[in-house]
Amino acid sequence: MNFRILAILFMLSTSLSSAQMFEIGGFVGGSNYIGDVGSSWYIKPNSLAVGGVFKWNASERYAYRASVTFSTLHASDKDSDTFGRFDRGLSFSNRVFEGALGMEFNFWEFDLSPFSRSVTPYIYGGGAVVRYDELYYANLNPGEVAKVTVGSEKKTTFAIPMALGVKAKINTRFVLGAEIGLRYTFTDNLDGSYPSDAAKRFGNVLSDDWYVFSGFTLTYTFGKEPCYSCF
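Let me begin by describing the structure that accompanies this report. (Residues numbered from 1 in each chain as written. Predicted model: local features only at pLDDT ≥ 70, side-chain atom pairs only at ≥ 80, totals over all residues. Heavy atoms only, no water.)

## Notes on the overall build of the protein
Phase 1 of the analysis: Scanning the protein from N- to C-terminus turns up two helices and eight strands.
Phase 2 of the analysis: The burial tally for the protein puts 39% of its 231 residues in the buried class.
Phase 3 of the analysis: A sequence separation of at least 24 residues applies to 68% of the contacts in the protein between residues at least 6 apart.
Phase 4 of the analysis: When the accessible surface of the protein is totalled, it reaches about 12,500 Å², and 65% of it is carbon and sulfur. (Helix = DSSP H or I, 4+ residues; strand = E, 2+ residues; numbered from the N terminus. Buried < 20%, exposed > 50% of the residue type's maximum accessible area, 1.4 Å probe, protein only. Contact = heavy atoms within 4.5 Å. Areas by Shrake-Rupley, 256 points an atom, 1.4 Å probe, with all protein chains shown as cover.)

Structure follows, in structure tokens:
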């Protein structure tokens, strides 16, 4: 019985190894924050975002993906089209570092063999861990300018990344992609509106923060040439 199980596992690993193609590269684009401070636009990049990405193309339809991304989220009430926020005049900047794992699903078959000309839209989903600065506003009295303060320690939270993009081979080794990715976080304090001191909280305490990464990926393909149709 054990021999049969080992034989099955060996055949599966052999099948996967003959069908794998890896990608490694970088991401560059912009970020924007969605929450209790600043503009209410969902996609409005206002800060640089950079990172790295690694993919394992397990088939023509899906790829496992790992990424790290760094950005400084920035928002200002002066950019808001809501009178109440504009008059309030709060602003903040928060450095975030994200590590994410997930899967890309291709709408069309994406063939990475050297002589193919592949292009496809895709969706991406997964999970992420986010490190960010603990923020709070030292003074929220009416008529006075409230300045954001960075706390003494970093905070960690989880997030759910969701992205829509399109990618295409530009030669035998490089793939260029463009995507818009939303992140739903499990914290309400990226903007300093929900610190540990309850007296300094404001805004919608029932809604957690979001942020968006919009930009481009350029990856280099390597590894054993894929053989998706091999039997």
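From this point, things continue past the structure.
## Quick look at the nonpolar core
Phase 1 of the analysis: In terms of nonpolar packing, the biggest core is built from 23 residues, with Leu-73, Phe-92, Tyr-137 and Leu-190 touching the most fellow members.
Phase 2 of the analysis: Going through the elements one at a time, strand 1 (21-34), strand 3 (62-76), strand 4 (91-106), strand 5 (119-137), strand 6 (148-169) and strand 8 (210-222) are the ones with two or more residues in this core.
Phase 3 of the analysis: Look past the residues within four positions of Tyr-137 in its chain and what remains in contact with it is Val-37, Leu-90, Ser-91, Phe-92, Ala-146, Lys-147, Val-148, Asp-191, Gly-192, Lys-200 and Phe-202. (Core = buried A, V, L, I, M, F, W, Y, C linked by side-chain atoms within 4.5 Å.)

## What to know about the pairing of strand 1
Phase 1 of the analysis: In this sheet, strand 2 (residues 47-57) lies alongside strand 1 in antiparallel orientation, the contact comprising eleven bridges. When the sheet's bridge partners are listed, Phe-22 is paired in strand 2 with Trp-56.
Phase 2 of the analysis: Of the strand pairs in this sheet, strand 1 and strand 8 are connected by 13 bridges, and their pairing is antiparallel. Bridge pairing links Gly-25 to Thr-219 in strand 8. (Pairing = 2+ DSSP bridges.)

## Description of the side chain of Ser-193
Phase 1 of the analysis: Topologically, Ser-193 is positioned in the loop between strand 7 (174-185) and strand 8.
Phase 2 of the analysis: Its relative accessible area of 0% is what places Ser-193 among the buried residues.
Phase 3 of the analysis: At a separation of 3.2 Å, a polar atom in the side chain of Ser-193 contacts the side chain of Asp-36.
Phase 4 of the analysis: In this structure, Ser-193 is in contact with Asp-36, Asp-188, Lys-200, Arg-201 and Phe-202, ignoring residues within four places of it in sequence. (Polar contact = N/O pair within 3.5 Å; in protein donor to acceptor, adjacent residues only side chain to side chain.)

## A word on the pattern of salt bridges
Phase 1 of the analysis: Scanning the model with the defined rule gives nine salt bridges in all.
Phase 2 of the analysis: Two residues, Arg-183 and Glu-98, come together in a salt bridge whose shortest N-O distance is 3.0 Å. Taken together, the residues span a long stretch of sequence, with Arg-183 in strand 7 and Glu-98 in strand 4 at a distance of 85 residues. The residues Arg-183 and Glu-98 share a single accessibility class, namely buried.
Phase 3 of the analysis: Lys-167 is the salt-bridge partner of Glu-104, the closest N and O atoms lying 2.7 Å from each other. Separated by 63 residues along the polypeptide, Glu-104 in strand 4 and Lys-167 in strand 6 bring together distant segments of the chain. Per residue, the accessibility class of Glu-104 equals that of Lys-167, and both read buried.
Phase 4 of the analysis: It is possible to trace a salt-bridge network through shared partners that takes in Lys-55, Arg-65, Glu-104, Lys-167 and Glu-179. (Salt bridge = Lys/Arg side-chain N within 4 Å of Asp/Glu carboxyl O.)

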